[in-house]
Amino acid sequence: MTGVGGRSKTAGLKLRRLHKSFGTFEVLHDISLDIEAGEFVVFVGPSGCGKSTLLRLIAGLEAASAGDVFIGGTDVTERDPSERGIAMVFQTYALYPHMTVGENMGFGLKAAKRPKAEIERKVREAADALKLTDYLDRRPGQLSGGQRQRVAIGRAIVREPDVFLFDEPLSNLDAELRVDMRIEIARLHRQLGNTMIYVTHDQTEAMTLADKIIVLRSGRIEQVGSPRALYDDPDNVFVAGFIGSPAMNILDAVVDEKGGLRIGEDRLPADPQLPPLAPGRRVKVGVRPEHLLVGSSQKEGIAMDVEFTEFLGGTSYLYGVVAGGQRLTVESRRGFVAKTGTMLRLTAEAADLRLFDENGERIR
Ligand code: ATP
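Every chain is numbered independently, its residues counted from 1 as its sequence is written. Local features in this predicted model are restricted to residues whose pLDDT is 70 or higher, and side-chain atom pairs enter the listing and the counts only when it is 80 or higher, whereas totals over whole chains, interfaces and linings include all residues.

Engineer: Where do I start with the site of the ligand in this structure?
Structural biologist: Any residue whose C-beta atom, as set from the backbone, lies within 6 Å of a molecule or strand is reported as near that molecule or strand. As a structural note, the neighbourhood of the ligand is formed by Phe22, Val27, Gly45, Ser47, Gly48, Cys49, Gly50, Lys51, Ser52, Thr53 and His201. The numbering of helices and of strands both runs from the N terminus, where a helix is a DSSP run of H or I of at least 4 residues and a strand a run of E of at least 2. Among the elements that line the shell around the ligand, the one with the most residues is helix α1 (residues 51-59), at 3 residues. Within the shell around the ligand, the residues separate by chemical class into 3 nonpolar, 7 polar and 1 charged. Three categories are distinguished: nonpolar for Ala, Val, Leu, Ile, Met, Phe, Trp, Tyr, Cys and Pro, charged for Asp, Glu, Lys and Arg, and polar for the others, with Gly belonging to the last.

Shown next, in the form of structure tokens:
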């Protein structure tokens, strides 16, 4: 498929050794990344980690302090935003209040002096894809937040960019609409097949939309991978704690003589498939809430004092404290509940445990 000016309609990106400082404050440190054409990539991380700045460097809205941005194999580092083949959708929609929906959507093409018939056709097609046909003559003030965000996305579609950039596009919407729009954006990606880069601090959004997630912290890439890879195999305790809700449990433990993991008086078994770690070594044990099993044995596993239970129907969450005051969350898929003060014995399969060193880096 070809777009405006016969360009290919989608493009991959290469970021090479990007740095960005505001004054003496370095916000992004040495970011290198490859994004395949057609991929849906999500930048995720806590507030202030630099995800919006990274997106703005790709868009050309900020200049890099060092490093290069390639889009579709072309070095665009010195190019203006309008010459990069990108279209950006903002959290605040950025619509013109005095223009109709149709005029807002066609504005970029009109400014580029495209023929009227072409503008009308493209606006109609985008409106169709976004279920906005009945609203084309309204003004933004007469629309709901969700509809306004659709118009902002429509305006990006009409420009037929190689790459779509989304900066927290759903954060002004209420919870229910966010879910609807998330599904809509995923559908658009399937339909259009363009490269999409999406910034959010919401790990659920990242998990459900992304082919590839980039986890950022303090201006550095912590890990790159598919949602499943990050969930199953986090490289460090930061990623382990950030991806997945409720978060992975992280417990301080000491390796015992048999290679087992001692947590206070309690013990989780060693994986017999793997060579034992040195006795006495301090480690952090990661275990997902759904991998903790409420056991019957009074001897095995770890004891948890239940503080409270959240019953959500099919799933319930049990929150409690284990030896040494460490907190734990258990997910039960069978709606199991326990009264406050109940002592539960929890076990886990050795293969479901993730081990990190004292600095939080993955060991196994
Ligand atoms: P959020 O989720 O809160 O939007 P973010 O991860 O998108 O955060 P950025 O907006 O990229 O973070 O900001 C990264 C850091 O750079 C922050 O500490 C921010 O205060 C700083 N920063 C961003 N823009 C500027 C600017 N124009 N001048 C100075 N500092 C800035």
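Back to the text.
Engineer: Is there a simple way to explain the confidence of the model for the protein chain in this structure?
Structural biologist: Low-pLDDT portions of the prediction should not be read for the details of their coordinates. As a per-residue quantity, pLDDT reports the predictor's confidence and falls between 0 and 100. When the pLDDT values of the protein chain are averaged, the result is 93; 97% of them are 70 or greater. Every residue in residues 1-7 is under pLDDT 50, and counting partners more than four places away or in other chains gives 9 contacts. With a pTM of 0.92, the predicted complex shows an ipTM of 0.96. We call two residues in contact when their backbone-placed C-beta atoms lie within 7 Å.

Engineer: Before we go on, may I ask you to explain the sheet that holds strand β6 (residues 86-90) in this structure?
Structural biologist: Strands in a sheet are paired, the pairing made by backbone hydrogen bonds, and the direction either parallel or antiparallel. The criterion for strand pairing is that DSSP finds at least two bridges linking the strands in question. With mixed pairing, 6 strands are arranged side by side in an open sheet as β6-β7-β8-β3-β9-β10. Here the strands that pair on one side only, and so sit at the sheet edges, are β6 and β10 (220-225). Averaged over neighbouring strand pairs, the angle between their axes works out to 15 degrees when direction is ignored. In the packing of helix α4 (residues 145-158) onto the sheet, the strands contacted are β6 and β7 (163-167), and the crossing angle to β6 comes to about 175 degrees. To obtain an axis, a line is fitted to C-alpha atoms, over the contacting stretch when the element is a helix, and the angle between two such axes runs from 0 to 180 degrees between their N-to-C directions.

Engineer: What am I meant to see in the pairing of strand β8 (residues 195-200) here?
Structural biologist: The side chains of a regular strand alternate, residue by residue, between the two faces of the sheet. Our exposure labels follow a C-beta count within 10 Å of each residue's own C-beta, placed from the backbone: buried means 20 or more other C-beta atoms, exposed means 12 or fewer, and partly exposed covers the counts in between. Of all 6 residues in β8, 6 are buried; the element is thus mostly enclosed. On β8, burial covers both faces: Thr195, Ile197 and Val199 on one face and Met196, Tyr198 and Thr200 on the other are all buried. Where strand β3 (residues 40-44) and β8 come together, 5 bridges link them in parallel fashion. Bridging from a neighbouring strand, Val44 pairs with Thr200 of β8. Direction of pairing for β7 relative to β8: parallel, over a ladder of 5 bridges. Its bridge partner lying in β8, Phe166 is registered against Tyr198.

Engineer: Help me understand the UniProt feature "domain: ABC transporter" (unreviewed entry) in the protein chain in this model?
Structural biologist: UniProt positions are given in the numbering used here, feature names are shortened, and annotations may be inferred rather than shown by experiment. Taking the numbering used here, the UniProt-annotated feature "domain: ABC transporter" (unreviewed entry) corresponds to residues 13-243. The straight-line gap between the two end C-alpha atoms of residues 13-243 is 25 Å; of that span, 37% is helix and 27% is strand.

Engineer: Help me understand the environment of Gly67 in this model?
Structural biologist: Summarising the element assignment, Gly67 is placed in strand β4 (residues 66-71). Between the C-alpha atom of Gly67 and that of Glu103, which follows or precedes it by 36 residues, the distance is 38 Å. Leave out the neighbours within four places in its chain, and Gly67 touches Arg16, Arg17, Leu18 and His19.

Engineer: It is not clear to me how the packing of helix α3 (residues 116-129) against α4 should be interpreted in this structure. Could you clarify?
Structural biologist: Packed helices, taken two at a time, are described by the angle their axes make and the gap between the axes. Orientation of α3 relative to α4, taken along the N-to-C sense of each, is 135 degrees, at an axis distance of 9 Å. For the element pair α3 / α4, the angle class is oblique. α3 and α4 meet at a crossing whose hand is right-handed. Counted together, Lys122, Val123, Ala126, Ala127 and Ala129 of α3 and Gly154, Ile157 and Val158 of α4 form the full contact between these two elements. Its residues assigned to classes, the contact of α3 with α4 shows 6 nonpolar, 1 polar and 1 charged. Convention used here: angles under 35 degrees read as roughly parallel, angles over 145 as roughly antiparallel, angles from 65 to 115 as roughly perpendicular, and any remaining angle as oblique. Take the far helix as your reference; a near helix turned counterclockwise from it by less than a right angle gives a left-handed crossing, and one turned clockwise gives a right-handed crossing.

Engineer: Sorry if this is basic, but what is going on with the environment of Thr53 here?
Structural biologist: Mapped onto the fold, Thr53 is located in helix α1. C-beta crowding within 10 Å serves as the criterion here: with 22 such atoms nearby, Thr53 is assigned to the buried category. With 70 residues separating them along the chain, Thr53 and Val123 place their C-alpha atoms 30 Å apart. Residues in contact with Thr53, not counting those within four places in the same chain, are Lys20, Val27, Leu28 and Glu62.

Engineer: For this particular structure, what's the right way to read the sheet that holds strand β20 (residues 354-356)?
Structural biologist: If you walk across this open sheet you meet the 5 strands as β13-β12-β11-β14-β20, and the pairing is antiparallel. Both outer strands of the open sheet, β13 (266-268) and β20, are each paired with one neighbouring strand and no more. On average, each strand axis in the sheet is inclined to that of its neighbour by 45 degrees, with strand direction left out of account. Pairing between strand β11 (residues 249-255) and strand β12 (residues 261-263): 2 bridges, direction antiparallel. Following the sheet pairing, Val254 is matched in β12 by Arg262.

Engineer: Explain α1 to me, please; I cannot follow it from the model alone.
Structural biologist: Side chains three or four residues apart in an α-helix point the same way, a direct result of the helix having 3.6 residues per turn. Most of α1 sits inside the fold, with 7 of its 9 residues counted as buried. What α1 keeps buried is the set Lys51, Ser52, Thr53, Leu54, Leu55, Leu57 and Ile58. Downstream of α1 by one or two residues, Gly60 has phi in the positive range, about 90 degrees.

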